[in-house]
Each structure stands twice: as structure tokens, then as C-alpha cells.
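# Tertiary structure, described
Here is how the chains run, residue by residue.
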Amino acid sequence: VKVISPIEDTPAYRAGIKPGDLITKLDGVSVKDMTLDAAVKKMRGDPNTKITLTIARKNVNKPIVITLVREEIQVKSVKSKMIEPGYAWLRVSMFQEPTVEDLVTHISKLYAKNPKIKGVVLDLRNDRAASCRERSAWHPYSCHRIRSLFRPTANCRNQRRSFTPVRNIMQAEP
């Protein structure tokens, strides 16, 4: 079972599970013969119960064994804060139905407290969906709709650099 991206503020995230980790055992039982649904069901379990994950990580020779206490997980798709005077940070960790409305709420609250915002960092790193184009093709609450909140005519483009993965860049004027 390959970890795409652990959900923020969950036991797995806090335990240091990383994108690309391979879960090889659940409570000492190999996942090799399990279906993905069976493995996910076993991982979810009841809140306040323990599960032990054995993980293979790239460039780590020995398996990593982590015991987690399960929690009821309520995913917040949007987080925000002021990162320095005049600059806000908006994090979209997962695209889901209320994401656009949640983003509008966060922006409104930031501007109510800080009406002289000069710039906004829109952080889409480790989104559990794939690329910007793929999200827009299958999900109506895509980055294109979010982008339009800042500048309706802005273009979303991919930028490649040797030291960083593909990322979506958008420049907009306040």
C-alpha cells in the first residue's frame, strides 16, 4: 500500500509517515495478499484503538515500525494564516465539495483582520489529487475555480526547475 500523501493533522502525519512510503504490514500481517479496500478498512478501525504499521521507505535499509492510535478524522481542506505583515498563506490540502466556499471564508476572515494584505501564497503542495489539469477534468472544485477567485483571467501554468517538482504558478494583482 503506497502512501500518496498523509492527511495533515492525523496520527499518520504526526508520526512522520511520508509520501512514497510503502505500508508492508498491518499489525504484523503482510498486506501483499490484501485488497486495497481490505487494507484501508483495517487501518481505519475504531477510534482510540492501536494499529502497528510496518513501512518501507526509500533510502532506508530497515523497515520502520510505527504504532498509531486511531482517531476520528475530520479533514479541513483549507487552512490560513498571516505569515508576515501584509502577506497571507492559504493552504488547500485536499479538493472536496466545500473547498471553494471554505477558501472564500478564510480569505474574508483574513481581510477582515488585515485589510491591507499585499500578497497571498496559495499553497497546493501534496494535494491528494494529481495535477491541475487532472483535477479540473474530474472535479468541479478544481484549482481553476480557486484560481478564478483571485483573478478570473489568470492562467495556470506548470513550471519545471531542476531542483523542484512541477508546480502551478499564478500571478495576480490585488
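Preceding this section is the structure that the text describes.
Heads up: these notes are all about the structure in this document.

About the criteria used
- Residues numbered from 1 in each chain as written.
- Predicted model: local features only at pLDDT ≥ 70, side-chain atom pairs only at ≥ 80, totals over all residues.
- Heavy atoms only, no water.
- Salt bridge = Lys/Arg side-chain N within 4 Å of Asp/Glu carboxyl O.
- Helix = DSSP H or I, 4+ residues; strand = E, 2+ residues; numbered from the N terminus.
- Buried < 20%, exposed > 50% of the residue type's maximum accessible area, 1.4 Å probe, protein only.
- Pairing = 2+ DSSP bridges.
- Contact = heavy atoms within 4.5 Å.
- Axes fitted to C-alpha atoms, helices over the stretch in contact; angles between N-to-C directions.

### A word on the pattern of salt bridges
Counted by the stated rule, this structure contains four salt bridges. A salt bridge links arginine 14 to glutamate 71, with the nearest nitrogen and oxygen atoms 2.4 Å apart. Taken together, the residues arginine 14 in helix 1 (residues 11–14) and glutamate 71 in the loop between strand 4 (64–69) and strand 5 (78–84) connect sequence positions 57 residues apart. Judged by its relative accessible area of 38%, glutamate 71 falls in the partly exposed class. Across the salt bridge formed by aspartate 123 and arginine 91, the nearest N and O atoms sit 4.0 Å from each other. On the criterion of sequence distance, the pair formed by aspartate 123 in strand 7 (residues 119–123) and arginine 91 in strand 6 (residues 87–92) is long-range, its members being 32 residues apart. Neither residue differs from the other here; aspartate 123 and arginine 91 are each classed as buried.

### Re the sheet that holds strand 3 (residues 50–56)
Strand order in the open sheet made by the four strands is 2-1-3-4, with antiparallel pairing throughout. Because the sheet does not close on itself, it has two edges, and the strands there are strand 2 (29–30) and strand 4. Inspection of the sheet shows strand 1 (residues 22–26) paired to strand 2 by two bridges, in the antiparallel sense. Considered in strand 2, the bridge of leucine 26 is made with valine 29. Contacts between helix 2 (residues 36–44) and the sheet are confined to strand 1 and strand 3, with strand 1 contributing the most and set at about 70 degrees to the helix.

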